[in-house]
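Chains, contacts and geometry: an overview
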Amino acid sequence: MKRFSFAAGPCPIPPEVKKQVAEDVREWKGCGVSALELPFTGDEFAEILESAASDLRSLIEIPRSHKILFLQGGATAQFALVPMNLARVGWHCDYVESGYWSRRAIEEAASWWDVRVIASGAAGRVPNFDEWRRNSDAAYCHFTSNESADGLQFHEFPQGGKAPLVADMTGDFLTRPIPVEQLGLVYASALKSLGASGLTIVIVRADLLVRGSSGGIPAPFDLARQTAARSKVNTPPMLAILVAARMLRWLLEGGGISKAFLRSQERSANLYSIIDGSGFYRCDAAPDARSRVNVCFRLPDPELEESFAHEAEALGLLHLRGHKRVGGLRASFYNSTADEAVDALLEFMTNFMRRNG
Ligand SMILES: *Cc1c(COP(=O)(O)O)cnc(C)c1O
């Protein structure tokens, strides 16, 4: 039986990437040692890092003004590292609260500096840009483009404002075009878009790097030092970077971001339309704030939700339970989620409704 994962993270790895990485780990390009055995300071690893950076730069058209960093610690580490690097004592920062992950970012930042929550979403919606009370003297303005636990997404990007915009894009990285030139800093944990956990991609406008609290930031987490060292202040997470490099090439060769965006729109729209038309499944998010990556939905009662998840699992459709803080059901569609998996899920949902609705 085929099995498909709909987990919010990690994302699936396409079979051809798995095969390539297995080969790389067995032996790196005929050089007699595993990719894992390459010294991080050598030419071979530099080539892997360069390939990942240049593919990423062309995929989302990152301008020269912005640097790409490959760091450790996941997005959660950035919750503290962004305030540490972009502000200093006496500064304050704007944060937009839109769900579970932005609240985590706010809590962490608040233990560093003065945090102002400039807008909050309500159940099933994200705060409109015209509700954001942005402060022109803030060190930066932080928002979360996709709330993976709540199934919410900003379908547009904010514009303007004197304070640079900082986006946690872990949830929807590389599933949509990103106007990088409008943003001061973008971060994304690699596990939801590029395969392996622990690695974080940070894209930062170079002129913001001199503003940090200077001093006291551990070297691997000091964005200015990491930029100068090309992400090699110390040994980086090499296996996760290798997986990311292979995933980025796969994405580029598969049609890039415009294709990925189209698929993301189409597949989520199909699922939402089954939910909305069913009178059985229910999605509480407002249509203009629904995540195209994490579709959260409910059934009339928790027992039915449990039997849904249970029966799905028996058919090889895995990890459909919602985030533990939110409950309900959740299907996550990443670039690497096979079309076959989406079709199987839609078919199961239609059948389940027929039997129980
Ligand atoms: C998953 C997720 C995180 C956490 O990523 P880690 O790699 O576990 O730190 C942070 N923000 C968002 C929006 C996420 O979806």
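Up top is the structure these notes are about.
Residues numbered from 1 in each chain as written. Predicted model: local features only at pLDDT ≥ 70, side-chain atom pairs only at ≥ 80, totals over all residues. Heavy atoms only, no water.

Regarding the packing of aromatic side chains
In total, this model carries 20 aromatic pairs according to the counting rule given. Aromatic pair F79 and Y187: ring centres 6.4 Å apart, planes at 70°, arrangement edge-to-face. Taken together, the residues F79 in helix 3 (residues 74-86) and Y187 in strand 9 (residues 185-189) connect sequence positions 108 residues apart. Its relative accessible area of 0% is what places Y187 among the buried residues. By the ring-pair criterion, three or more aromatic residues cluster together here, those being F280, Y281, F297, F308, F348 and F352. For R267, the ring lying beneath its charged end belongs to F333, and the centroid distance is 5.8 Å. (Phe/Tyr/Trp six-rings, centres within 6.5 Å; stacked < 30°, edge-to-face > 60°. Helix = DSSP H or I, 4+ residues; strand = E, 2+ residues; numbered from the N terminus. Buried < 20%, exposed > 50% of the residue type's maximum accessible area, 1.4 Å probe, protein only. Lys NZ or Arg CZ within 6 Å of the ring centre and 35° of its normal.)

Thoughts on the packing of helix 3 against helix 4 (residues 100-110)
For the pair helix 3 and helix 4, the least separation of the axes is 8 Å and the interaxial angle reads 45°. Considered as vectors, helix 3 and helix 4 are oriented oblique to each other. Helix-helix and strand crossings are classified by hand; for helix 3 and helix 4 the assignment is right-handed. Here T76, F79, A80 and P83 of helix 3 come into contact with helix 4, specifically with W101, R104, A105, E108 and A109. (Axes fitted to C-alpha atoms, helices over the stretch in contact; angles between N-to-C directions. Parallel < 35°, antiparallel > 145°, perpendicular 65-115°, else oblique. Left-handed = near helix turned anticlockwise from the far one by under 90°. Contact = heavy atoms within 4.5 Å.)

A closer look at the site of the ligand
Lining the immediate surroundings of the ligand are 13 residues, of which T76, S148, D168, S189 and K192 lie closest. One of the backbone N or O atoms of A75 is found 3.2 Å from an oxygen atom in the ligand. Between the ligand and D168 there is a distance of 2.7 Å, counted from a nitrogen atom to a side-chain nitrogen or oxygen. The protein chains hide 87% of the 390 Å² of surface that the ligand would expose on its own. Top contributing element to the shell around the ligand by residue count: helix 3, with four residues. Here the residues of the shell around the ligand are counted per class, giving four nonpolar, seven polar and two charged. (Near = heavy atom within 4 Å. Polar contact = N/O pair within 3.5 Å; in protein donor to acceptor, adjacent residues only side chain to side chain. Areas by Shrake-Rupley, 256 points an atom, 1.4 Å probe, with all protein chains shown as cover. Nonpolar A, V, L, I, M, F, W, Y, C, P; charged D, E, K, R; others polar.)

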